[in-house]
Amino acid sequence: MTVSVLDLGADENRFSPDCLQRVHSFLDGVEGALVTTGGGKFYSNGLDLEWLTAHGDQASAYVAEVQELFARVLTLPVPTVAAVNGHAFGAGAMLAMAHDFRVMRADRGYFCFPEADINIPFTPGMAALIQGKLTPSAAVASMTTGRRFGGLEAAEIGLVDEVAGEGDVLKVARERVAALAGKDRGTLGAIKATMFAPAVAALRAA
């Protein structure tokens, strides 16, 4: 069964409007399973703050588009794994959270929700997404502190499911998702839509 691998890029992989369009176009063609990863020291640094600063009048529409991407990945009717090759911050970490599973590099990179330190409260949709994937204690530890979790620490509290050595993150992610590929799309999509209905509703209410 086909495992589609989406490389987000080799820079900070922020969610510019062009990036969002490219990711949606890629998702249109995914069939068996999905792995997303980055090509440099970042998985994704999240929102494109430079673009937002220059287009403040479009902020609401932009955030709605980002949240639509989260909702789509959350309910994608195929198994999904984020191969977190490096730093995953803010909305970048939320994208990873929207996947079924996360595999993170053990020795480098941070998984972090910095909102408490940069004075940007979570939207109801973003909070619902994170809380839908974490235990209450892990949600408090990650959402209210701005703490940067290395791979081993992230695995310990459940931010990620598994860690791997340098060069093996993508391989381990592919192996994990390949073993699950082939599920009926209609059934899997319905299960995810039911499981995450509150988060999806909150994400699409923006």
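Reading the values: the criteria
Residues numbered from 1 in each chain as written. Predicted model: local features only at pLDDT ≥ 70, side-chain atom pairs only at ≥ 80, totals over all residues. Heavy atoms only, no water. Phe/Tyr/Trp six-rings, centres within 6.5 Å; stacked < 30°, edge-to-face > 60°. Helix = DSSP H or I, 4+ residues; strand = E, 2+ residues; numbered from the N terminus. Buried < 20%, exposed > 50% of the residue type's maximum accessible area, 1.4 Å probe, protein only. Lys NZ or Arg CZ within 6 Å of the ring centre and 35° of its normal. Salt bridge = Lys/Arg side-chain N within 4 Å of Asp/Glu carboxyl O.

**Observations regarding the packing of aromatic side chains**
The tally for this structure, following the rule as stated, stands at 4 aromatic pairs. Aromatic side chains Trp-51 and Tyr-62 sit 5.2 Å apart centroid to centroid with 35° between the ring planes, which places their arrangement in the tilted category. With a gap of 11 residues between them, Trp-51 in helix α2 (residues 49-54) and Tyr-62 in helix α3 (residues 59-74) connect regions that are remote in the sequence. A single burial state applies to Trp-51 and to Tyr-62, both of which are buried. Residues Phe-111 and Phe-113 carry aromatic rings whose centres are separated by 5.9 Å and whose planes lie at 90° to one another, so their mutual orientation is edge-to-face. Connected via pairs of aromatic rings, a cluster forms that spans Phe-111, Phe-113 and Phe-122. Stacked on the ring of Phe-101, the Lys or Arg Arg-176 has its end atom at 5.0 Å from the ring centre.

**Points about the pattern of salt bridges**
Under the definition given, this model contains 10 salt bridges. In this structure, Arg-147 and Glu-153 form a salt bridge, with 3.3 Å as the shortest nitrogen-oxygen distance. Its relative accessible area of 34% is what places Glu-153 among the partly exposed residues. Among the charged side chains, a salt-bridge network with shared partners connects Arg-105, Asp-107 and Glu-166.

So far we have only geometry, and geometry alone does not tell us how the molecule works.
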